[in-house]
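Residues per chain, in single letters:
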Amino acid sequence: MPTPRQKRLQKLVLVMQRLKDFHQAQHAAHMAEAAAARDEAKTITETLDSGTAMTALFPELYHRRVASALERSRISADRARQEAQSIMQADARSNALVRAYREATDLEERSAADKERLEFIERRSTNGA
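Residues numbered from 1 in each chain as written. Predicted model: local features only at pLDDT ≥ 70, side-chain atom pairs only at ≥ 80, totals over all residues. Heavy atoms only, no water.

Enquirer: Is there a simple way to think about the pattern of salt bridges in this case?
Expert: For side chains bearing opposite charge, pairing can occur when the charged atoms are close. Counting across every chain of the model gives six salt bridges. Note that Arg72 and Glu40 form a salt bridge whose closest N and O atoms lie 2.3 Å from each other. In this pair, Arg72 sits in helix α3 (residues 59-128) while Glu40 sits in helix α1 (residues 4-50), placing the two residues 32 residues apart along the sequence. With relative accessibility at 36%, the residue Arg72 sits in the partly exposed group. With its nearest N and O atoms 2.7 Å apart, the salt bridge here joins Asp114 to Arg117. On the criterion of helical spacing, the pair formed by Asp114 and Arg117 is a turn pair, its members being three residues apart in helix α3. Asp114 gets classed as partly exposed once you look at its relative accessible area, which sits at 38%. (Salt bridge = Lys/Arg side-chain N within 4 Å of Asp/Glu carboxyl O. Helix = DSSP H or I, 4+ residues; strand = E, 2+ residues; numbered from the N terminus. Buried < 20%, exposed > 50% of the residue type's maximum accessible area, 1.4 Å probe, protein only.)

Written as structure tokens, this is what we have:
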């Protein structure tokens, strides 16, 4: 039977795992956004390089769109790096909680074994006396 401390630690481990999962999902989303923005910039640049009539008429528009896409990519990549830091922090906290849970479980098991040994010694001494 888990102790109240073990129950609390177990709940905290679950919460930290959910938090880590959340940060991983956010990281993946930001990475996808950065890739999409880079692809958009590449596509626009290829259109500019092809020299179509539209790019000749509105080159500033195309250049602004490329700059905007590259900026979105940079921002998304920065956010992905921040989420990667959050993942590492959540993982470290989760690992510390798992260690604390194991220690609490080990302590409980040792206490139960010690209690069982003492009861055995007491039964043996009362039967022998």
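Alright, that's what it looks like, and here's the rest.
Enquirer: Please clarify how the side chain of Gln6 should be interpreted in this entry.
Expert: Within the element layout of this structure, Gln6 appears in helix α1. Excluding anything up to four places from it in sequence, Gln6 contacts Met1, Tyr101, Ala104, Thr105 and Glu108. (Contact = heavy atoms within 4.5 Å.)

Enquirer: Could you clarify how one ought to interpret the nonpolar core in this entry?
Expert: Nonpolar side chains in soluble globular proteins generally cluster together in the buried interior. Formed by Leu9, Val13, Met16, Ala90, Leu97, Ala100 and Ala104, the largest nonpolar core amounts to seven residues. For this core, the elements supplying multiple residues, two or more each, are α1 and α3. Apart from the residues lying within four places of it in its own chain, the contact partners of Leu9 are Leu97, Ala100, Tyr101 and Ala104. Grouped together as the second largest cluster of nonpolar side chains are six residues, Ala41, Ile44, Tyr62 and Val66 included. (Core = buried A, V, L, I, M, F, W, Y, C linked by side-chain atoms within 4.5 Å.)

Enquirer: Is there a simple way to think about α1 in this case?
Expert: An α-helical turn contains 3.6 residues, so a residue and the one three or four places further along point in the same direction. In a regular helix each residue adds 1.5 Å, so 47 residues correspond to 69 Å; α1 covers 69 Å between its end C-alpha atoms and thus fits that length. Residues Gln6, Leu9, Val13, Met16, Lys20, His23, His30, Ala34, Ala37, Ala41, Ile44 and Leu48 constitute the buried set of α1. Of the residues trailing α1, Gly51 is marked for its positive phi of about 70°. (Expected span 1.5 Å × (residues − 1).)

Enquirer: Which parts of the structure should I look at to understand the environment of Asp91?
Expert: Mapping Asp91 onto the fold places it in helix α3. Residue Asp91 is classed as partly exposed on the basis of its relative accessible area, which comes to 27%. Along the primary structure Asp91 and Ala113 are separated by 22 residues, whereas in three dimensions their C-alpha atoms are 33 Å apart.

So far we have only geometry, and geometry alone does not tell us how the molecule works.
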